[in-house]
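Results of the structural survey
Chain by chain, the residues:
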Amino acid sequence: MREVVLPLILVAAVLVAALATAAGLIWLERRLLGLWQDRYGPNRVGPFGLAQVLADMIKILFKEDWIPPFSDKPVFVVAPAVVIVTVLMSFAVVPFSRHVMVVDLNVGLLFFLAFSSLGVYSVALAGWSSGNKYALLGSLRGVAQMLSYEVFMGLSLMGVVMLAGSYNLSAIVTAQRRVWFVIPQFFGFLAFLIAGVAETRRLPLDLPEAESELVAGYHTEYSSLKFGMFFVGEYMGVTLISAFITLLFFGGWRGPALPGIVWFCLKTGLFICFFILMRAALPRPRYDQLMTFAWKVMLPVTLLNLLATAAIVLAFIPRG
Amino acid sequence: MWSIVGALWKVFLHAFRKRRTVLYPEVRPHLPARWRGRIILSRDPSGKERCVACYLCAAACPVDCIALQAAQEPSGRRYPEFFRINFSRCIFCGFCEEACPTYAIQLTPDFEMGEWKRHDLVYEKEDLLISGPGKYQEYDFYRVSGALIEGKAAGEGFDDEPPVDIRRLLP
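Just so it is clear, the structure is predicted and the values come from calculations on it, not from any experiment.

This brings us to the overall build of chain A. Helices and strands together make up the secondary structure of chain A, namely 11 helices and 0 strands. Going from N to C terminus, chain A has its helices and strands arranged as α-α-α-α-α-α-α-α-α-α-α. Taken over C-alpha atoms, the radius of gyration comes to 20 Å for chain A, in line with the 20 Å a tight globule of 320 residues would show. Projecting the C-alpha coordinates of chain A onto the three principal axes gives extents of approximately 65 × 50 × 45 Å.

Below, the structure written as C-alpha cells:
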C-alpha cells in the first residue's frame with residue numbers, strides 16, 4: 001500500500017508545484033520587469049498584487065474559446081496539450097533533493113533532451129493547423145530555431161556527462177561534491193543557457209512569436225484556455241531549464257546548513273530571475289543572425305569544449 | 001558580447017533606482033492653477049452670475065458640446081436660461097474660456113469626473129455654477145462695460161467718462 005500511495009502523492013505534489021510555479025511566474029515576471037524598468041507592475045489586487053494571478057486566470061477561463069473554421073481542428077486542439085505534456089514529463093526525472101524525485105532514471109538526462117525535442121512538435125503543429133500565414137511563418141522559425149539550438153544543447157551537456165560518468169541526474173549532482181560543474185564546464189554552461197533560452201522561445205530569442213512582425217507567431221489563432229496552455233507551457237519551460245541549469249552546473253540540492261530542497265528552489269529561482277532579466281535587457285536578434293550564431297559560433301565552441309574536456313578526462317582522470 | 005553583459009548589468013542596477021510611477025489614488029499629482037480640467041461657471045463679486053449668454057463659448061467650441069439659451073432679467077441683466085455642457089464630448093481645449101468676454105466660463109484643475117453612465121456626464125447649470133468668482137476675483141463685467149442695467153446709469157461704471165451730448169458741436 002505504502003509503495004503505491006507515496007509515489008502517487010509525490011507525482012501529484014510535483015504536478016501541483018510545477019503548475020503553481022508557472023502561475024506564480026506570471027506575477028513574478030511582471031513585478032520584476034517593473035522593478036527593472038523603474039515602475040511597479042501589478043500591485044493592486046491582494047497583497048503585493050499577488051491575487052493578480054487569480055484575476056488573470058478567471059479572466060482567461062471566461063474568454064471565448066474560438067476554433068477558426070479554416071483550421072485543421074483535431075491538430076489545432078492537440079497542439080497546446082503537447083507543450084504541457086512534454087514539459088511536465090521532463091519534471092518526472094528532476095531530483096528536487098537527495099530523496100525527492102518521481103523516478104531515478106539511469107538515462108534521466110537523455111529523457112529530458114528527448115522530451116524537449118518533442119516540444120518542437122507543439123510549435124510545428126500549432127502553426128501548421130492554424131491555417132494562418134503569420135502562424136505558419138512563426139512556426140517555421142520556431143522549428144528551425146529549436147532544431148538548430150538543440151544540436152549544441154545536447155553537445156554542451158556531454159562534457160558534464162563525461163565528468164560525472166553518468167546520465168543519471170542524481171549521480172551528476174553527487175559528482176559535484178567537490179566543485180560545481182560550472183567551473184570546469186563554463187563554456188558548456190554558457191551554451192546550455194543560450195540553448196535553453198532558444199528552447200523555451202523566451203526573449204531575446206522569441207523569434208517564433210515576435211509580436212512586432214508576426215502578430216503572435218504560432219499561437220496567433222489561439223484564444224482562451226488553449227492560449228493559456230501555451231503560456232503556462234512557456235513558464236514551465238523556463239522553470240525546467242532553470243532547474244536543469246541548477247542540477248547540471250550548480251550542484252543541484254547541495255549547499256550548507258539548509259535542507260536540500262530549499263537550496264534547489266533557491267538556485268532555480270535565481271535562474272528564473274535571470275531569464276526575466278534577459279527579457280528586460282536584451283533586444284531580439286535578426287533571424288539570420290540567430291542561425292549564424294547557432295551554427296557558426298555556438299556549435300564550434302561546444303565541439304571544442306567537448307574535445308578539450310575529453311582530452312583532459314582521458315589524460316588526468318584514471319579509469320576505474 | 002561584452003555589450004550584452006553590460007546591458008544585463010545596467011538593467012540589473014535599475015533594481016536599486018527610485019521608481020518613477022506616481023501611485024495615483026494615494027499620491028496626488030501636482031496640477032498647476034491653469035490646468036485645463038472640469039469647466040465651471042463663476043459669479044461676480046456681488047454674487048450674481050457672470051455669464052451674459054452671448055453664445056461665444058458655444059460658437060468657439062470645436063466639438064459643439066456647449067448648449068445654452070439666453071434670457072433677460074427685468075433689470076436688464078442677461079443670463080442663460082439653461083447652460084449645458086456635455087463632458088463626454090468636451091476635449092478640454094479651453095477655447096470657451098478664451099472666448100468668454102466676462103470670465104464666466106473657466107477651466108479648473110480637477111479631472112476626476114468618471115461616471116458609470118454616459119448620461120451623467122451631461123452637466124446642467126446647477127452642476128456648473130460655483131458660489132464664488134474663481135479666477136479674476138475683482139472682475140465685474142457690468143461695472144467695467146458700458147452696458148446699461150438697472151442701478152447703473154451711463155457713465156457710472158469703472159473707468160467711465162460722463163456721456164457725451166452728441167448734438168453739441170463743442171469739443
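This part is about the overall build of chain B. Broken down by element type, chain B carries 5 helices and 5 strands. Helices (α) and strands (β) of chain B occur, in sequence order from the N terminus, as α-β-α-β-β-α-β-β-α-α. Here the C-alpha radius of gyration of chain B, 25 Å, is well above what a compact globule of 171 residues would show, namely 16 Å. Taking all 171 residues of chain B together, the buried fraction comes to 17%. A sequence separation of at least 24 residues applies to 68% of the contacts in chain B between residues at least 6 apart.

Residue and element names in this part refer to chain B. Taking strand neighbours across the sheet as the criterion, the 3 strands line up as 2-3-5 in an open arrangement whose pairing is antiparallel. Two strands bound the open sheet, and with one partner strand each, they are strand 2 (66-72) and strand 5 (122-123). Bridge analysis of strand 3 (residues 78-86) against strand 5 gives 2 bridges, and the strand direction is antiparallel. If you follow Ile85 over to strand 5, its bridge partner there is Tyr123.

Moving on to unusual backbone geometry. At Asp38 of chain A, a position not held by glycine, the phi torsion is positive, near 60 degrees. If you trace the backbone, Asp38 of chain A turns up in the loop between helix 1 (2-36) and helix 2 (52-61). At Asp64 of chain B, a residue that is not glycine, the phi angle is positive and equals roughly 55 degrees. Here Asp64 of chain B shows up in the loop between helix 2 (56-60) and strand 2. Looking at Asp64 of chain B, the number of C-beta atoms within 10 Å reads 10, which means it is exposed.

This part covers helix 1 (residues 2-13) of chain B. For helix 1 of chain B, with 12 residues, the first-to-last C-alpha span of 16 Å sits near the 16 Å given by 1.5 Å per residue. Within helix 1 of chain B, only 0 of the 12 residues are buried, which leaves it mostly out in the open.

Residue and element names in this part refer to chain B. The pairing of strand 2 with strand 3 spans 7 bridges and is antiparallel. Within strand 3, the position partnered with Ala70 by the bridge is Pro80. Two successive antiparallel strands, strand 2 and strand 3, enclose a turn made up of 5 residues, where Gly76 displays a positive phi of approximately 105 degrees.

Of all hydrophobic cores here, the largest spans 77 residues; its most connected members are Phe152, Phe192, Ala195, Phe244, Ile245, Leu247 and Leu248 of chain A. Residue contributions to this core peak at 14 residues, all from helix 9 (residues 224-249) of chain A. Sequence-distant contacts of Phe152 of chain A, that is, excluding residues within four places in its chain, are made with Ala191, Ala195, Ala294, Met298, Leu299 and Thr302 of chain A. The next biggest cluster of nonpolar side chains, apart from the first, holds 19 residues, and it includes Ile66, Leu68, Cys96 and Ala104 of chain B.

The partner chain B presents 11 residues to the 11 residues of chain A that form the contact. Counting residues per element, the side of chain A that touches chain B draws most heavily on helix 10 (residues 260-281) of chain A, which supplies 4 residues. Looking at the side of chain A that touches chain B residue by residue, the classes come out as 8 nonpolar, 1 polar and 2 charged.

All names here are of chain A. With respect to the helices and strands, Ser122 occurs in helix 4 (residues 108-129). The exposure class assigned to Ser122 is buried, which follows from the 26 C-beta atoms found within 10 Å. Measuring from C-alpha to C-alpha, the distance between Ser122 and Phe316 comes to 44 Å, with 194 residues separating the pair along the chain. When sequence neighbours within four positions are dropped, the list of residues in contact with Ser122 reads Ala79, Pro80, Val82 and Val83.

Moving on to the confidence of the model for chain B. For chain B, the average pLDDT comes to 88, and 100% of its residues sit at 70 or higher. Both scores are given for the predicted complex: the pTM is 0.78, the ipTM 0.74.

What follows deals with the packing of helix 1 of chain A against helix 9 of chain A. All names here are of chain A. Axis separation between helix 1 and helix 9 bottoms out at 9 Å; the angle between their running directions is 105 degrees. Classified by the angle between their axes, helix 1 and helix 9 sit roughly perpendicular to one another. Residue-level inspection shows Ala18, Thr21, Ala22, Leu25 and Ile26 of helix 1 in contact with helix 9, the latter providing Val232, Tyr235, Met236, Val238 and Thr239. For the contact of helix 1 with helix 9, the class distribution of residues is 8 nonpolar, 2 polar and no charged.

The next thing to look at is the packing of helix 5 (residues 133-164) of chain A against helix 11 (residues 287-316) of chain A. Residues and elements named next belong to chain A. At their nearest, the axes of helix 5 and helix 11 sit 9 Å apart, and the two run at 15 degrees to each other. By the criterion of interaxial angle, the relationship of helix 5 to helix 11 is roughly parallel. Helix-helix and strand crossings are classified by hand; for helix 5 and helix 11 the assignment is left-handed. Here the residues of the contact of helix 5 with helix 11 are counted per class, giving 18 nonpolar, 7 polar and 1 charged.

The topology assignment puts Ala7 of chain B in helix 1. Taking the C-beta count within 10 Å as the criterion, Ala7 of chain B has 16 such neighbours and is therefore assigned partly exposed. Contact partners of Ala7 of chain B, with chain neighbours within four places excluded, come to Ala281 and Leu282 of chain A.

About the criteria used
- Residues numbered from 1 in each chain as written.
- Chains lettered and ligands numbered in written order.
- Predicted model: local features only at pLDDT ≥ 70, side-chain atom pairs only at ≥ 80, totals over all residues.
- Helix = DSSP H or I, 4+ residues; strand = E, 2+ residues; numbered from the N terminus.
- Rg over C-alpha atoms; globule rule 2.2 N^0.38 Å.
- Buried ≥ 20, exposed ≤ 12 C-beta atoms within 10 Å, placed from the backbone.
- Contact = placed C-beta atoms within 7 Å.
- Pairing = 2+ DSSP bridges.
- Expected span 1.5 Å × (residues − 1).
- Core = buried A, V, L, I, M, F, W, Y, C linked by C-beta atoms within 7 Å.
- Nonpolar A, V, L, I, M, F, W, Y, C, P; charged D, E, K, R; others polar.
- pLDDT = per-residue confidence, 0-100.
- Axes fitted to C-alpha atoms, helices over the stretch in contact; angles between N-to-C directions.
- Parallel < 35°, antiparallel > 145°, perpendicular 65-115°, else oblique.
- Left-handed = near helix turned anticlockwise from the far one by under 90°.

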